[in-house]
Amino acid sequence: MRIFFFFLAASWLANAAMAREVDYDRLDRDALRTLVDLIKLDTSQPAGNEILAARYLASRLDEAGIESKIYEAAPGRASIVARVRGNGAAKPLLLLGHTDVVTVERANWSFEPFEGAVSDGKIFGRGASDDKSIVAGSLEVLLALKRLGIPLARDVIFLGVADEEAGGTLGITWMVNNHLDDIRAELAINEGGRGYIDPETGRYSSFQIGTAEKTPRRARLVVKGHAGHGSVPTRDNAIGVLAGAVDRLYRQPLPMALNETTRTLFKRLAETSPPEQAAVFRAILEPNPGDDVQERLRDINPSYYSIIRTSVVPTIFNAGYQRNVIPSEAEATLDIRALPGVDPEDLWEQIRGIINDPRVEVIPMKVTRPAHDPAPLSSPLFRAFEEVIARRHPGAVVLPTMLTGATDSAQLRAAGVAAYGFGPGVVQGEDNGVHGNDEYLRVDAYEEYVRILWDVVTRVAGTDQVNAAR
Ligand SMILES: [Zn+2]
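Along every chain, residues carry numbers that run from 1 in the direction the sequence is written. Restriction of local features to residues with pLDDT of at least 70 applies here, the model being predicted, together with a cutoff of 80 or more for giving and counting side-chain atom pairs; totals for whole chains, interfaces and linings are based on all residues.

**Comments concerning helix α2 (residues 24-40)**
Stage number 1. Counted at 1.5 Å a residue, the expected span for α2 with its 17 residues is 24 Å, and the 25 Å between its end C-alpha atoms agrees.
Stage number 2. Exposure is read from a count of other C-beta atoms within 10 Å of each residue's own; the residue is exposed at 12 or fewer, buried at 20 or more and partly exposed in between. C-beta atoms are placed from the backbone. Only DSSP runs of H or I reaching four residues or more are called helices, and only runs of E reaching two or more are called strands; each is numbered from the N terminus. Along α2, the positions that sit buried rather than exposed are Leu27, Asp30, Ala31, Leu32, Thr34, Leu35, Leu38 and Ile39.
Stage number 3. Buried positions along α2 lie against α3 (51-63), β5 (122-124), α4 (132-148) and α14 (443-461). To estimate how far a helix should extend, the number of its residues minus one is multiplied by 1.5 Å. Remark: residues whose backbone-derived C-beta atoms lie within 7 Å of one another are considered to be in contact.

**So, the domain arrangement of the protein chain**
Stage number 1. These domain limits were set by an automatic method or by a database of domain assignments. For the protein chain, the domain assignment lists domain 1 (2-192 + 407-469) and domain 2 (257-309).
Stage number 2. Just the C-alpha atoms count here: the centres of domain 1 and domain 2 sit 32 Å apart.

**Considerations on the sheet that holds strand β19 (residues 440-442)**
Stage number 1. At least two bridges found by DSSP between two strands is the condition for calling them paired. The antiparallel open sheet is built from three strands, whose spatial order is β4-β5-β19. Whereas interior strands pair on both sides, the edge strands pair on one side only; in this sheet they are β4 (118-119) and β19.
Stage number 2. Summarising the sheet, β5 and β19 pair through three bridges and their orientation is antiparallel. Directly across from isoleucine 123, in β19, lies its bridge partner leucine 441.

**So, the environment of valine 176**
Stage number 1. Following the sequence through the fold, valine 176 ends up in helix α5 (residues 172-183).
Stage number 2. Note on valine 176: 20 C-beta atoms within 10 Å, which makes it buried.
Stage number 3. C-alpha of valine 176 to C-alpha of asparagine 324: the two residues are 148 residues apart in sequence and 53 Å apart in space.
Stage number 4. For valine 176, the residues in contact, after removing those within four places along its chain, are Gln411 and Ala415.

**Notes on the packing of α2 against α4**
Stage number 1. In this analysis, axes come from line fits to C-alpha atoms, helices being fitted only over the stretch in contact, and the angle between any two N-to-C directions falls in the range 0 to 180 degrees. Closest axis-to-axis distance for the α2/α4 pair is 9 Å, and the angle between their directions is 135°. Judged on the interaxial angle alone, α4 and α2 are oblique. Like other packed secondary-structure pairs, α2 and α4 cross with a definite hand, here right-handed. Within the contact between the two elements, α2 uses Leu27, Asp30, Ala31, Thr34, Leu35, Leu38 and Ile39 and α4 uses Lys132, Ser133, Val135, Ala136, Gly137, Leu139, Glu140 and Ala144. When describing relative orientation, an angle under 35 degrees is termed roughly parallel and one over 145 degrees roughly antiparallel, while 65 to 115 degrees is termed roughly perpendicular and anything else oblique. Handedness of a helix crossing follows the sense of rotation of the near helix relative to the far helix, less than a right angle counterclockwise being left-handed and clockwise being right-handed.

**Digging into the nonpolar core**
Stage number 1. Residues Leu94, Leu142, Val156, Ala188 and Phe385 are the most contacted members of the largest nonpolar core, which totals 104 residues.
Stage number 2. Each of domain 1 (2-192 + 407-469) and domain 2 (257-309) contributes no fewer than three residues to this core.
Stage number 3. When near neighbours in sequence (up to four residues on either side) are disregarded, valine 156 contacts Val84, Pro92, Leu93, Leu95, Leu142, Leu145, Val457 and Ala461.
Stage number 4. Put simply, a nonpolar core is buried Ala, Val, Leu, Ile, Met, Phe, Trp, Tyr and Cys residues tied into one set by C-beta atoms within 7 Å. Listed in part, the 19 residues of the second largest apolar core include Leu339, Val342, Leu347 and Ile355.

**A few points about helix α7 (residues 260-272)**
Stage number 1. If you check α7, its first and last C-alpha atoms are 18 Å apart, about what 13 residues at 1.5 Å a residue would give, namely 18 Å.
Stage number 2. Buried within α7 we find Thr261, Thr262, Leu265, Phe266 and Leu269. Buried residues of α7, viewed axially, fall in a sector of 120°; they line one side.
Stage number 3. On its buried side, α7 packs onto β9 (204-213), α8 (275-285) and β16 (397-403). Comment: arc refers to directions from the helix axis out to C-beta atoms.

**Focus on the sheet that holds strand β15 (residues 360-364)**
Stage number 1. Spatially, four strands are ordered β12-β14-β10-β15 in an open sheet, and the strand pairing comes out antiparallel. Unpaired on one side and paired on the other, β12 (311-319) and β15 mark the two borders of the sheet. Neighbour-to-neighbour, the strand axes of the sheet open up by a mean angle of 25°, direction not taken into account.
Stage number 2. Relative to strand β14 (residues 329-338), β12 runs antiparallel, the two being bridged by eight bridges. Across the sheet, residue isoleucine 316 finds its bridge partner in β14, namely threonine 333.
Stage number 3. Against the sheet, helix α6 (residues 238-251) touches β10 (215-224), β12, β14 and β15, its axis set at about 165° to β12.
Stage number 4. On top of the sheet, helix α11 (residues 344-355) reaches β10, β12, β14 and β15; it is set at about 160° to β15, its chief contact.

**Structural notes on the confidence of the model for the protein chain**
Stage number 1. The share of residues in the protein chain with pLDDT of 70 or more is 94%, and the mean pLDDT across the chain is 94.
Stage number 2. Low pLDDT (under 50) marks residues 1-8, which in the prediction has one contact with non-local residues, meaning those over four places away or in another chain. pLDDT is a per-residue confidence score from the predictor, ranging from 0 to 100.

**A short note on unusual backbone geometry**
For residues other than glycine, phi is negative in most cases, and the peptide bonds are mostly trans.
Stage number 1. Proline 46 follows glutamine 45 through a cis peptide bond whose omega is 5°.
Stage number 2. Here proline 46 lies in the loop between α2 and α3.
Stage number 3. Cis rather than trans, the peptide bond between aspartate 130 and aspartate 131 has omega equal to 15°.
Stage number 4. For aspartate 131, the position within the fold is in the loop between β5 and α4.
Stage number 5. Within the chain, asparagine 356 stands out as a residue other than glycine whose phi angle is a positive 50°.
Stage number 6. Looking at where asparagine 356 falls in the secondary structure, it is placed in the loop between α11 and β15.

**What to know about the environment of alanine 54**
Stage number 1. Looking at where alanine 54 falls in the secondary structure, it is placed in helix α3.
Stage number 2. In sequence terms alanine 54 and glutamate 72 are 18 residues apart; their C-alpha atoms lie 9.7 Å from each other.
Stage number 3. Setting aside anything within four residues of it in sequence, one finds alanine 54 in contact with Ile70, Ala78, Ser79, Ile80, Thr99 and Gly160.

**Focus on the packing of helix α12 (residues 380-392) against α14**
Stage number 1. Across the interface, α12 lies against α14 with an axial gap of 9 Å and an inter-helix angle of 135°. By the criterion of interaxial angle, the relationship of α12 to α14 is oblique. Classified by chirality, the crossing of α14 by α12 is right-handed. On α14, the residues that touch Pro380, Leu381, Ala384, Phe385, Glu387, Val388, Ile389 and Arg392 of α12 are Ile452, Asp455, Val456, Arg459 and Val460.
Stage number 2. The nonpolar class holds Ala, Val, Leu, Ile, Met, Phe, Trp, Tyr, Cys and Pro. Asp, Glu, Lys and Arg form the charged class, and all remaining residues, Gly among them, are polar. A class-by-class count of the residues in the contact of α12 with α14 yields nine nonpolar, no polar and four charged.

See below:
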């Protein structure tokens, strides 16, 4: 027992000493410059042109004496990989971010989206938050590992990947299918998590670490009936039949189910929330919580309601073309987000069961993100996030999180890489324009993100840490 404690203490001190070796101020400055440089490169979808970012990153790596390789899935659609080697005692850690951004409605922006202006403590531009800050931060951590000659037990791999915003077909999917050996890792840090800053105190109150994601599964519902005159009611009116099916799905959600991520999330929320909300979180952890409990959870946060079940949301309804004609066909689109572990065939059976009408055809649509298991909470990477955050932000709660949306972590987890989501913090309640207009990132939140990333990476990949953990 005593020896065990000694090792813990030794590893803590060694880590603190190692983390001090980095010049955080320089890390801040370099990371800011890199982010601004990346924002200036227009890599917006659908054209992407991520080759611009890949070439820039290659030149920065080259200056630092790190070899890199560019992979072009299609003309201009490029990803880049670089590696700093460890001694091979443990399997690699992958740091990735996507270099593409969503498009801009320029007329609705109050500043130039591809300039990267920095003022009032903010970095302005498309990609400032999603996801060039993560690309730039990951790159700077890699460069600093090399510059400082940190002894590593694992290789640390950097991946700047194309095409995330369109589902990853020309990016992560292509890399996993064609070049998995070049990016294979035990652990990965990707987008999909963030810290929350309390607007009153300016302190971090919580950190979400992404450990799970729902899997997008879409379907079309098609009803074919008889066309006819709008003056004569018929029993097989395609609109009426389809509306009934959509209504049943809307009123009857699929059953709720918790997993390691959501159970731990609600447990930690129960421990740290005001009494009224804490009661709801405790109740949702009980076996078979009633609809009333689930509705109270939805009142607290609609995303919490989404992550306790496979969600079925009607998003498009197409039918009819003239007010006095009964159309022969009606169609609806469902945006379905499946919980991890849900078998697609079982899912379609459940949906057909709820619709309970053979006239409604359920047609599954092509999906870009594969089904996958969540990343475990017991890994050295998740523990490193907890330890670093506890040290830098005492009192802030670490919340394992299931995203309702999808990221490149889906493809990585499906390929056997335990991918975790982490990113720059936001002030609670503030809209930073991600996927919308006037995207920005707070400089202080960005700097703290890079510092935490550095501490976590050196903790997980540095030789002292990995050896001490054995
Ligand atoms: Zn993103």
